[in-house]
Amino acid sequence: MAEERLIDDDKDKKYRFRINEKGEEELIIDDGENEDVPAEEAEISFDEAASEYQFSDDGTEGEEITAARREKLSALLDSARADVEEGRYSTALESIETARAILPEDGELCALRLEAYTCRFTEYPDRILPDAADAARDVKKYSSAQAKKDMFSRAGGKLRAMIAQLKEQAQEVSAVNEQKKAERAEIFLADRKKALVRFICAVVPFVAFLVLACVFSTMLFADMTGRFIVLTAVFGGLAFISFIILAFMSRFLNIAARRVRLNRDNSRTEIGRKYLAISGRLDALQEIYDCLSE
């Protein structure tokens, strides 16, 4: 009831929001006082102040934040550069990832990241290739033309040799893989054809018996001797038996069709997985080469 009385007492009063000294919105009753400071004006003043200055968690202004971030970025770049030159690539990557949170579009940072992932273009293990390719894409977008030229002069020769070797290896493995797939496909397609014939042979009697059972079921009382009742039961039983046979034939057909489908999937065989691994490595190295050569 106290709440209802409060609502009744204040129903003719006006309400507005204002910004208090803590920068928070609070609801106040407009009783006519402070009319010289409209709510709209107060809100506009706060918005303008918010847009003019950007505050960090410690209360520093936007320009100070930019200077501090750039100083931190420069320190991280110096640290990462030193680590890369001394071969501490894992440590360098830690500094690089921290710096990327500040300015991921920095061209020198992108170049250092690629160098760290590839051990200064000397190693290209499979586990780092996706990250190295991602770093190469950033180099292509953000690094200078001179930086890309310098990196290409150091990495281009080895990348070309590896790409050529992988292309030759991929062709050989692909030829063997396709041959094996063709040999298996001949067997699997024949099995599927047999399963399809058996399935059709099971469907036809099932449909015939089911139709006859339905037809005779509509004439149950047309003959007082019960002849149609017997026929309905007989054909119904035959339809049930045919349905069981049909279920088995459907399973065999599904297995045969699945084998044909899986035979096309390279990931299902050892030789196919080997071909996928070579192709994936080849694509990643080719992408790194293309990003540096442009």
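Predicted model, so just to flag it, every value in this text is computed and none were measured.

> Looking at this model, I keep getting lost on the overall build of the protein. Mind explaining?
Counting its secondary structure elements, the protein contains nine helices and two strands. Taken from N to C terminus, the helices and strands of the protein fall in the order α-β-β-α-α-α-α-α-α-α-α. The buried share of the protein, taken over its 294 residues, is 29%. Long-range contacts, defined as pairs at least 24 residues apart, comprise 61% of the intrachain contacts of the protein with a sequence gap of at least 6. On the protein, roughly 19,600 Å² of surface is accessible, and the fraction owed to carbon and sulfur atoms is 55%.

> I'm lost on the side chain of Asn177 in this one. Help?
As for its position among the elements, Asn177 is in helix H7 (residues 145-217). The class for Asn177 is buried, based on a relative accessible area of 0%.

> Explain a positive patch on the surface to me, please; I cannot follow it from the model alone.
A cluster of basic residues, Arg192, Arg258, Arg261 and Arg264, forms a positive patch at the surface. As for its position among the elements, Arg258 is in helix H8 (residues 227-263).

> Where do I start with the confidence of the model for the protein in this structure?
Detailed reading of the predicted model is not advised wherever pLDDT is low. When pLDDT is averaged along the protein, the result is 82, and 77% of the positions lie at 70 or above. Low pLDDT, under 50, characterises residues 1-11; the predicted model gives this stretch two contacts beyond four residues in sequence or across chains. Note that residues 34-65 has pLDDT below 50 and, in this model, 16 contacts with residues that lie over four places away or in other chains.

> What should I look at first to understand the packing of aromatic side chains in this one?
One pair of aromatic rings is described through two measures. These are the centre distance and the angle between the planes. Taken as a whole and assessed by the stated rule, the structure comprises five aromatic pairs. Joined through ring pairs, the aromatic side chains of Phe209, Phe216, Phe228 and Phe235 make up one cluster. Positioned above the aromatic ring of Phe228 is the side chain of Arg227, whose terminal nitrogen or guanidinium carbon lies 5.1 Å from the ring centre.

> Is there a simple way to explain the pattern of salt bridges in this structure?
Where charged atoms from two side chains of opposite charge come close, those side chains can pair. Scanning the model with the defined rule gives 16 salt bridges in all. Of the charged contacts, one joins Arg100 and Glu97 as a salt bridge, the two residues approaching to 3.4 Å between their closest N and O atoms. Taken together, the residues span about one helical turn, with Arg100 and Glu97 both in helix H4 (residues 89-102) at a distance of three residues. Here Glu97 falls in the partly exposed class, since its relative accessible area comes to 34%. A salt bridge links Arg120 to Glu115; the shortest N-O distance between them is 3.6 Å. The class for Arg120 is partly exposed, based on a relative accessible area of 34%.

> For this particular structure, what's the right way to read a nonpolar patch on the surface?
Nonpolar side chains collect at one region of the surface, where Val230, Val234, Leu238, Phe240, Ile241, Phe243, Ile244, Ile245, Phe248 and Phe252 lie side by side and expose about 920 Å² of accessible area between them. Secondary-structure assignment places Val234 in helix H8. Overall, Val234 belongs to the partly exposed group, its relative accessible area being 43%.

Thresholds applied
- Residues numbered from 1 in each chain as written.
- Predicted model: local features only at pLDDT ≥ 70, side-chain atom pairs only at ≥ 80, totals over all residues.
- Heavy atoms only, no water.
- Helix = DSSP H or I, 4+ residues; strand = E, 2+ residues; numbered from the N terminus.
- Buried < 20%, exposed > 50% of the residue type's maximum accessible area, 1.4 Å probe, protein only.
- Contact = heavy atoms within 4.5 Å.
- Areas by Shrake-Rupley, 256 points an atom, 1.4 Å probe, with all protein chains shown as cover.
- Patch = residues over 30% accessible without salt bridge, like charges linked within 9 Å, V, L, I, M, F, W, Y side chains within 5 Å.
- Salt bridge = Lys/Arg side-chain N within 4 Å of Asp/Glu carboxyl O.
- Lys, Arg positive; Asp, Glu negative; His and termini not counted.
- Charge placed at Lys NZ, Arg CZ, Asp CG, Glu CD.
- pLDDT = per-residue confidence, 0-100.
- Phe/Tyr/Trp six-rings, centres within 6.5 Å; stacked < 30°, edge-to-face > 60°.
- Lys NZ or Arg CZ within 6 Å of the ring centre and 35° of its normal.

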